[in-house]
Structures are given as structure tokens and as C-alpha cells.
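Architecture and fold: a report
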Amino acid sequence: MSTTAPPPRRPKNGPTAFLLAAGLTFAAITAYGFWRAPIPAVNEPTYLGQARHVADPDFAPDDLFLRSSRPHFVYYTLVGPLVATAPFETTAAVFRLAGYALLAVGWVALVQAAVGRAALAPLAAVLWLACAAVGNFSGEWVVGGTESKAFAYGLGFLGLAACVAGRPLTTALCFGTAVSLHVIVGGWFVLASFASIPSRVIRRTSVVTLARAAASCGLFVVLAAPGLLPALHVLDGDGADVVHARFVHIFDRLGHHLDPMSFPATAWLGYAALIAGWIAVPRMTADAAARGRFDRVVIASVAFAVAGTVIGWRIGSAETMPLRDTRTWFMQFYPFRLADVLVPAATAVTAAAWLARQGRRFAVAASLAGIAVIAVAPAPDRDPSRYPPDVAADWRALCDWARTETDPDALFVTLPNSWAFKWYAGRAEYVSWKDCPQDAASIIEWERRWTVLRDWAADRYGPERSYDAADLADLRQRTDADYLLARRRGPMTTEPAYRNDTFRVYALPEPAETSPAASAAGE
């Protein structure tokens, strides 16, 4: 790591400077969020749907995901009253803005604590967002749709700023609330923050120090408990079931976040370059001790990611790796998550402080370059459905029909790549690839339901290479679903309940309703 440069004169950081920096940072974050991830963003249908179900259990009552465990219960409780009475789009916009505002305040506080200048926060934010636009390590993102982790990161930045500044009660307040909103995000902030405690503080303990530590711990526990207790339910269940569900969750569904062997080479190279840049750029700070505490937290986050890499590294398949159950137990906690955020954040903060020291022209040029990167970098989340415009229009028309022409408690067998069906149609799905539950029992049921659909497709696909009314009745018997959603050219010989140029919906009859005439009916 480079030698710390002589500190500049300590700048003024009054309320006006802080609020101005927070306003500019909020504007940058908001522009980035709505440009790169228009409503609904990739995860908004998932989490706002469950928030709606928490507030209104009659919403898609038979949906597997919505009825599963709720580790983000505090967030759902906060969002539920609005999403139950207002459109999804309105709720998403309101809570996005609230999350962006909290994130902006936390970011400015962190920059001020680390380098001593709140005014550098907007420049640092643009550089950080530019890094995020180019790519990430484990698929983690902060600025996008509304969900619990967006608030947890804002609180995490505030808590880290308080930790760096040596304010334990404020740290406990922020970290406890962050854990309550998102246990894993808040938990990694807490663990990393211990690296910021100088050894001399531990050696020079006193009654006053111990009393403050006890009060901070007590405050943290009280604030964390509302979110921590519901999250613990994801570990409920029989031991073998939990182990199997954990494996499915890590390797079958979320390998792009949890399995280091699934990360692309560009992610490894990109983050190696970011770490190298963070190390090489001289530190420009008004408080070397505070900056040292911040750097130790970043190093701790990298250490967690290195541990995750070592534990997840293997030769051969995941099923045969030695000590598989022990290793997957650690991998389920997203060990790369904090480094995925703090490494580019620390690099951006370090670069912003150095650029500002070189002169205003450098800072302005860097801001413009960052904005250009954000504007031109590929943005796959601008359209999470991946549907062409004509297909997207047909999908919305199908969902409108389902919302207006079917019973509110109807259950649909949807397509594997169905996008935001509950958001647009307001109806339950038998199983959804995107909406994978998080508790062991529901993950196992999620896997079983995919097996049911695969088995039905294989068992009933007859010599005529089509499905008739008897086949649809058999699907109803296996799934207890009311409707099957299919592509227009799907191999069906019965008349659909709804059709357009891309999709068709088939009512699944009771087995007793099937007749030779119905089976012979064509289109």
C-alpha cells in the first residue's frame, strides 16, 4: 500500500456542505437507478409481490414463493401498507427514492469520515457508480430497484462512518437497523467493522469503555432482533433436508452469486485491477487514523471474499467436492457480497480525494468520464424480461386478461422465463424460476414442482407430439393449477381460453370433464 501523503489542511464540514453533497449524490444515484434499471427492476416484482402478500394474504394466495418464509419481514412490514393500496409502480418509485436518499446520506457520511471532505462525495459517487456500470464480482448491486438490501447498505455506510469516527452508539444504531432490514448485508458490515478497532483500544480498556461497549451491544441486539428472528427460520427443518436445500440454493439457483467457480474471468480481472488501484493511489486525508480504520474494514471485506474463494474452489463437480456440506454451509452467507461493494467504493473514494488534490480540472474530467461510462456501458437490467417489443406487448396483454378474466385465487403454470407475472397479472404461479424461496422446506418443494412439470411433459408427450384435453386434465391433477400458459405454437390440440400472436392460455379441466369430444377439439 502506498505511503500516506501529507494531510491537507482540515476542511470545513458544516451542515450546509454536507447537505449540498448529499443532494448532489442523491441526484447522481437517482439518475443512475432510473436510467440503468427502469421500473420494474429485476427484483422488484419478487419482493414487492411478497410485501403485498404480507399486507394482503388474499393477493395470489396459492403462490409458493409468497407463502414461503420471509427473512426480510421488517422490509415487507414497512412496504406492505402502501403496496396493498397503491399500484406496484407507485410503491416502487416511493421506496426507491427513500432508499436512494438514505444511501446518499450514508455515502456522504462515509466519505467525510474516510477522507475528511464531504464535498468529495458526489465525485466519488460518480466514480463508484461507473465501476458498478462496468461490472461486478459476484453479481451484487446496490443502486437499482427497491428491496431491503438497498436500505441496509445505506445504513451500513452510516454505521461504517460512525465506526471510523469512533462513535460506538451511533454505529450500533445503524448496524442494528441494517441487520433488521437485511441480515446478511448488515451482518457482514458488523463483522468487518471489528477490523477497525485499534489494538491499543482493546489494551486500554476501562470501566467507561466497557460500559459504552455494553450499551452499544444492547442497542444493537434490540434493533437487530425484529429482522434477525424471522431470518433464522430459513434454517428450520430436518437436517438432511436443510443440507439438500442449501445445495440446490447455492449451485442450482444462485451460483452466479455464491459459487466462485461460476464467476466470469472478467470479474476476477476487474476486481484485481480495482484492488491494485486502491492500493497504488496515495491517500489524501485530513485524518490518517480514520482513513486507516476505513482501510482495515475494506481489507476485512476482501479477506471474507478470499475465504469464500478458498472454500468454494474445487476440481470437479460440486456434488463430489470434499467436505461438501461444511463448505456449502459457509457459502450460503454470500461471502463475496461486502467486497463486491466496498472494493469499488474504496477505490472511488481514494481516487476522488487524489483527483481533487490535483486540481478542479482533473475532478471535472473524471466526473464527465464517469458519466460517459454510465451512459454507454451495457445495461441488461434495463429490460429484465429480455422480450422483443412485440413479445413484451403480447405478454402484457396476456397478463391483463389474466387479471381481469380469472378469479383472484387462480393458480397458473407459467413459462420458465415468465417475467413479473404476479406484478402484471396479480395471480399466483405454481412455480417460478426467478422466485425461489429461501427456507429449506419451500426450496425442496420448489425443486419438486419443477420435477413434476418435467415429468408431465415427458410422460404425456405422445406419438402425435401434442397434448390433448386428457393431458391437460392430468396436469391439473398433478399440480392443482387452473391454467397453463404456453407459447402460441405450443403442441396443444385443445381450444385455448386466451390467445394472441405470441402466447396462449389453456384452462386445465378436472379429470372428470375430459371427454372424447373435448380431446378431439382442435384449433
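Here, every reference points to the structure presented above.
Here's what I pulled together on the structure shown here. Throughout, a residue's number is its position along its own chain's written sequence, starting from 1. Only residues with pLDDT of at least 70 are given local features in this predicted model, and only at 80 or more are side-chain atom pairs given and counted; all residues enter the totals for whole chains, interfaces and linings. Water and hydrogen atoms play no part in the side-chain values, which are based on all heavy atoms of the structure.

So, about the nonpolar core. Throughout this description, the term nonpolar core refers to a set of buried Ala, Val, Leu, Ile, Met, Phe, Trp, Tyr and Cys residues connected via side-chain atoms within 4.5 Å. The buried label goes to any residue with under 20% of its type's maximum accessible area, the exposed label to any with over 50%, and the partly exposed label to all in between, with areas taken from a 1.4 Å probe on protein chains only. Among the nonpolar cores identified, the biggest contains 135 residues, and Trp-107, Trp-128, Phe-157, Trp-395, Leu-398, Phe-421 and Leu-484 are the most heavily contacted of them. Contacts between residues were defined by any pair of non-hydrogen atoms, one from each residue, lying within 4.5 Å. The residues touching Trp-128, leaving out its near neighbours within four places in the chain, are Leu-103, Trp-107, Val-142, Phe-157, Val-341, Pro-344, Ala-345 and Ala-348.

Moving on, we come to the pairing of strand β3 (residues 483–487). A run of DSSP states H or I qualifies as a helix once it reaches four residues; a run of E qualifies as a strand once it reaches two. Both are numbered from the N-terminal end. Most of β3 sits out of view: four of its five residues are buried. Here, any two strands with at least 2 DSSP bridges between them count as paired. Across two bridges, the pairing between strand β1 (residues 411–413) and β3 is parallel. By the bridge assignment for β3, Phe-412 is matched with Tyr-483. Taken together, the five bridges between β3 and strand β5 (residues 503–507) define a ladder with antiparallel strand orientation. Of the residues in β5, the one forming a bridge with Leu-485 is Val-505.

Let us look at unusual backbone geometry. Omega for the bond connecting Ile-39 with Pro-40 falls within 30 degrees of zero, at -5°, which places this linkage in the cis form. The residue Pro-40 is located in the loop between α1 (15–36) and α2 (44–55) in this model. The phi dihedral of Leu-323 falls on the positive side, at around 50°, and the residue is not glycine. At Tyr-334, a residue that is not glycine, the phi angle is positive and equals roughly 55°. Among the secondary structure elements, Tyr-334 is positioned in the loop between α15 (324–331) and α16 (337–358). Of the residues examined, Tyr-334 reaches a relative accessible area of 14% and is grouped as buried.

On to the packing of helix α14 (residues 288–312) against α15, then. Axis geometry follows a simple rule: fit a line to the C-alpha atoms, using only the stretch in contact for helices, then measure angles between N-to-C directions, giving values from 0 to 180 degrees. In the contact formed by α14 and α15, the axes pass within 9 Å of each other and the chain directions differ by 155°. In this view, α14 runs roughly antiparallel relative to α15, as classed from their interaxial angle. As α14 runs across α15, the sense of the crossing is left-handed. Touching Ala-307, Gly-308, Ile-311 and Gly-312 of α14 are Arg-327, Phe-330 and Met-331, all from α15. If an angle is under 35 degrees, it is roughly parallel; if it is over 145, roughly antiparallel; if it lies from 65 to 115, roughly perpendicular; otherwise it is oblique. Put simply, a crossing is left-handed when the front helix is turned counterclockwise from the back one by less than a right angle, and right-handed when it is turned clockwise.

The next thing to look at is the pairing of β5. With four of five residues buried, β5 is to be regarded as a mostly interior element. Note that strand β4 (residues 498–499) and β5 share two bridges and pair antiparallel. Looking at the pairing, Tyr-498 lines up with Val-505 of β5. Hairpin connection between β4 and β5: a loop of three residues separates the two successive antiparallel strands.

Turning next to the pattern of salt bridges. What makes a salt bridge here is a side-chain nitrogen of Lys or Arg within 4 Å of a carboxyl oxygen of Asp or Glu, nothing more. Taken as a whole and assessed by the stated rule, the structure comprises 19 salt bridges. In this structure, the salt-bridge partner of Asp-63 is Lys-422, at a minimum N-O distance of 3.2 Å. Placement of Asp-63 in the loop between α2 and α3 (73–83) and of Lys-422 in helix α19 (residues 421–425) is noted, with a sequence separation of 359 residues between them. An identical accessibility class is assigned to Asp-63 and Lys-422; each is buried. Salt-bridge contacts for Asp-259 lead to Arg-314; the nearest nitrogen and oxygen are separated by 2.9 Å.

Here we come to the sheet that holds β5. Spatially, the five strands line up as an open sheet ordered β2-β1-β3-β5-β4, and their pairing is mixed. On the outer flanks of this sheet lie β2 (428–429) and β4, each paired with one strand and no other.

Attention now moves to helix α11 (residues 239–253). With 15 residues, α11 extends 20 Å between its outermost C-alpha atoms, agreeing within 8% with the 21 Å of an ideal straight helix rising 1.5 Å per residue. Within the span of α11, buried status applies to Val-242, Ala-245, Arg-246, Phe-247, Val-248, His-249, Ile-250, Phe-251 and Arg-253. Next to the buried residues of α11 lie α12 (255–258), α15 and α20 (440–459). To estimate how far a helix should reach, multiply one less than its number of residues by 1.5 Å.

With that settled, the discussion passes to a nonpolar patch on the surface. Where nonpolar side chains cluster on the molecular surface, the patch consists of Leu-191, Phe-194 and Ile-197 and spans about 300 Å² of accessible area. Following the sequence through the fold, Leu-191 ends up in helix α8 (residues 183–193). Patches here are clusters of residues that have more than 30% relative accessible area and form no salt bridge, with a 9 Å joining cutoff for like charges and a 5 Å cutoff for nonpolar side chains (Val, Leu, Ile, Met, Phe, Trp, Tyr). Surface accessibility follows the Shrake-Rupley procedure with a 1.4 Å probe radius. Residue values consider only the protein chains on display as shielding.

This part covers the packing of α11 against α15. It is the contact of α11 with α15, at a shortest axis distance of 10 Å, that shows an interaxial angle of 60°. Viewed along their axes, α11 and α15 adopt a mutual orientation that is oblique. By crossing handedness, the relation of α11 to α15 is classed as left-handed. Here Val-243, Arg-246, Phe-247, Ile-250 and Phe-251 of α11 lie close against α15, whose contacting residues are Arg-324, Asp-325, Thr-328, Trp-329 and Met-331. Nonpolar residues are Ala, Val, Leu, Ile, Met, Phe, Trp, Tyr, Cys and Pro. Charged residues are Asp, Glu, Lys and Arg, and all others, Gly as well, are polar. A per-class count over the contact of α11 with α15 returns six nonpolar, one polar and three charged.

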